[in-house]
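One-letter residues, chain by chain:
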Amino acid sequence: MKNIKLERTQSLLKELIPMALANLNDTRLNSLNVVEVKCSKGKYSAQVFLESSFLTTHEQAEILNQLKKARNLIKEYCLEETGWFRCPNFQFFFDDSLERENRLDKIFHTIALEKEKRNNNVN
């Protein structure tokens, strides 16, 4: 059974975190897109998944380092906007599911082409 309060919190954080990032002075952080937020059951911690397209691994490492430093500012922003008593501790990650999905699409496309070739050779 889904926990509606948990999902509501995750959805709200998914909206608030990009606004908090937009208020920071670092232009690399201002343009980050939040893909998903997953909170723990007690809402003590939240994993924030960010879009990683167009970023090198070096840039990702720098951004994660900057986000670690800005974590308290982001928490303060979320507390102000929501009026909550406490805010989850954020852990930031880059989401590579889109890249994996693209790789799988290429693999399936290659398989379909091979299958088509085989069918043409049989006829």
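What comes next concerns the included structure. Just so it is clear, the structure is predicted and the values come from calculations on it, not from any experiment.

**Describing the pattern of salt bridges**
- Taken as a whole and judged by the stated rule, the model has two salt bridges.
- Of the charged contacts, one joins Arg-28 and Asp-26 as a salt bridge, the two residues approaching to 3.2 Å between their closest N and O atoms.
- Judged by relative accessible area, Arg-28 falls into the partly exposed class, the value being 33%.
- Ionic pairing is found between Arg-28 and Glu-62, a salt bridge with its closest N-O pair at 2.9 Å. Of this pair, Arg-28 sits in helix α2 (residues 27–30) while Glu-62 sits in helix α3 (residues 57–82); the two residues are 34 residues apart in sequence, bridging distant segments of the chain.
- By relative accessible area, Glu-62 is classed as partly exposed at 32%.
- When salt bridges that share partners are traced, they join Asp-26, Arg-28 and Glu-62 into one network.

**Digging into the sheet that holds strand β2 (residues 45–51)**
- The sheet built from three strands is open, its strands ordered β1-β2-β3 with mixed pairing. Because the sheet does not close on itself, it has two edges, and the strands there are β1 (34–39) and β3 (89–95). Strand-to-strand, the axes of this sheet are offset by a mean angle of 20 degrees, without reference to chain direction.
- Pairing geometry for β2 and β3, over seven bridges, is parallel. Residue pairing across strands places Gln-47 opposite Gln-91, the latter belonging to β3.
- Of the strands in this sheet, β2 and β3 are in contact with α3, which crosses β3 at around 145 degrees.

**Remarks on the state of the cysteines**
- Applying the stated criterion across every chain, the model contains zero disulfides.
- There is no disulfide at Cys-78, and the cysteine sulfur nearest it, in Cys-87, is 4.6 Å away.

Reading the values: the criteria
Residues numbered from 1 in each chain as written. Predicted model: local features only at pLDDT ≥ 70, side-chain atom pairs only at ≥ 80, totals over all residues. Heavy atoms only, no water. Salt bridge = Lys/Arg side-chain N within 4 Å of Asp/Glu carboxyl O. Buried < 20%, exposed > 50% of the residue type's maximum accessible area, 1.4 Å probe, protein only. Helix = DSSP H or I, 4+ residues; strand = E, 2+ residues; numbered from the N terminus. Pairing = 2+ DSSP bridges. Axes fitted to C-alpha atoms, helices over the stretch in contact; angles between N-to-C directions. Contact = heavy atoms within 4.5 Å. Disulfide = S-S within 2.5 Å.

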